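# Inside the fold
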Amino acid sequence: GNNSINAKLVLLGDMGAGKSSLVFRFVKGQFLEFQESTIGAAFFSQTLALNDATVKFEIWDTAGQERYHSLAPMYYRGAAAAIIVYDITSTESFERAKKWVQELQKQGNPNMVTALAGNKADLEDKRKVALEAKNCGAPVQEAHTYAEENGLFFKETSAKTATNVNEIFHEIAKRLPRA
Ligand code: GDP
Ligand code: MG
């Protein structure tokens, strides 16, 4: 078929987790060591061609929702997809990501395709959030199981090295409902 899909995609997550950097990497193929803080929301569009469809993402890179939570619904309302971003070197950002997951489960569009991105995967030596459970210890910060239990598509990403950045957008595109 030759489906043409327009999809609003929103990025949510803690300030500094790398939302803007992921978008910049995906749209421009670049990384800025000193990414300027986003003011308000920035809008980007990027088209991906898949075998069965062309997906035009309308990407809302938000800021302010980190501090002013009441702004958030305005960003995710009507979104077909969301990427919830945390920083693997910050347990706080992982906790924050879980809050976003809960909020989208309660308030978001029930058909929303939701991805969880553990960003800054290049900073392995500073990792605080485990990828997989180790041994039999109580896995409090274990991203993979958490994502599975919550029906999220999950990848660790690096906007810096480009690891899994295109992949996460591609996977979302594949999962969007076809017309
Ligand atoms: P936002 O507030 O979520 O939009 O985060 P930014 O994209 O502004 O990134 C915050 C800081 O983290 C910036 O200094 C980025 O250069 C840095 N950063 C973002 N992504 C990565 C990454 O994948 N690896 C590393 N090492 N730094 C990153
Ligand atoms: Mg930003």
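Each chain carries its own residue numbering, running from 1 in the written order of its sequence. Chains carry letters from A onward and ligands carry numbers from 1 onward, assigned in written order. The predicted origin of the model limits local features to residues at a pLDDT of at least 70 and limits the giving and counting of side-chain atom pairs to 80 or more, whereas totals for whole chains, interfaces and linings rest on all residues. The side-chain numbers reported here are obtained from all heavy atoms of the structure, hydrogens and water having been left aside.

Any Lys or Arg side-chain nitrogen found within 4 Å of a carboxyl oxygen on Asp or Glu counts as a salt bridge. A full pass over the atoms with the stated rule returns 8 salt bridges. Residue aspartate 87 is joined to lysine 120 by a salt bridge in which the shortest nitrogen-to-oxygen separation is 3.4 Å. Of the two residues, aspartate 87 sits in strand 4 (residues 81–87) while lysine 120 sits in the loop between strand 5 (113–119) and helix 4 (143–149), which places them 33 residues apart along the sequence. Taking the shortest distance from any N to any O, the salt bridge between arginine 175 and glutamate 171 comes out at 2.9 Å. Of the two residues, arginine 175 and glutamate 171 are both situated in helix 5 (residues 165–175); the distance of 4 residues between them amounts to about one turn of the helix. Glutamate 171 sits in the buried class, given a relative accessible area of 19%. Shared partners join several salt bridges into a network, and the residues in it are Glu124, Arg127 and Glu156. Numbering goes from the N terminus for both helices and strands, where a helix is a DSSP run of H or I of at least four residues and a strand is a run of E of at least two. Buried means the residue's accessible area, taken with a 1.4 Å probe over protein chains only, is under 20% of the maximum for its type, while exposed means over 50%, and partly exposed covers the values in between.

The predictor rates its confidence in each residue with pLDDT, a number between 0 and 100. Taken residue by residue, the protein gives an average pLDDT of 89. The fraction at 70 or more is 92%. At the level of chain-chain contacts, confidence expressed as ipTM amounts to 0.99, with global pTM at 0.93.

With that settled, the discussion passes to unusual backbone geometry. Glycine aside, a negative phi is what most residues show, and trans is what most peptide bonds show. A positive phi is found at lysine 120, a non-glycine position, where the angle reads about 70 degrees. Since its relative accessible area comes to 23%, lysine 120 is described here as partly exposed.

Turning our eyes to something else, we now look at the site of ligand 1. Close to ligand 1 lie 19 residues; Gly16, Lys19, Ser21, Asp122 and Ala159 are nearest. Leucine 32 places a main-chain nitrogen or oxygen 3.1 Å from an oxygen atom of ligand 1. Any N or O atom pair separated by 3.5 Å or less is treated as a polar contact, with the protein-specific requirement of one donor-capable and one acceptor-capable atom, and with residues adjacent in sequence counted only for side-chain atom pairs. Between ligand 1 and alanine 159 there is a distance of 2.8 Å, counted from an oxygen atom to a backbone nitrogen or oxygen. Surface accessibility in these figures is a Shrake-Rupley result with a 1.4 Å probe; residues are shielded only by whichever protein chains are displayed. Relative to its unbound accessible area of 580 Å², ligand 1 is 86% covered by the protein chains. Among the elements that make up the shell around ligand 1, the one with the highest residue count is helix 1 (residues 19–28) (3 residues). The nearness test applies per residue and asks whether one of its heavy atoms lies within 4 Å of the molecule or strand.

We define the nonpolar core as a collection of buried residues of types Ala, Val, Leu, Ile, Met, Phe, Trp, Tyr and Cys that are connected through side-chain atoms lying within 4.5 Å of one another. Ranked by size, the top nonpolar core spans 30 residues in total, and within it Leu9, Phe57, Ile59, Ile83 and Phe169 carry the most contacts. Within the residue set of this core, elements represented by two or more residues are strand 1 (3–13), helix 1, strand 2 (41–49), strand 3 (53–62), strand 4, strand 5 and helix 5. No other element matches the 5 residues that helix 5 contributes to this core. The contact rule is simple, with two residues in contact once any of their heavy atoms fall within 4.5 Å. When sequence neighbours within four positions are dropped, the list of residues in contact with phenylalanine 169 reads Leu9, Leu22, Phe26, Leu48, Phe57, Ile59 and Ile83. Among the nonpolar cores identified, the runner-up in size contains 23 residues, and Tyr76, Ile88, Ala143 and Phe154 belong to it.

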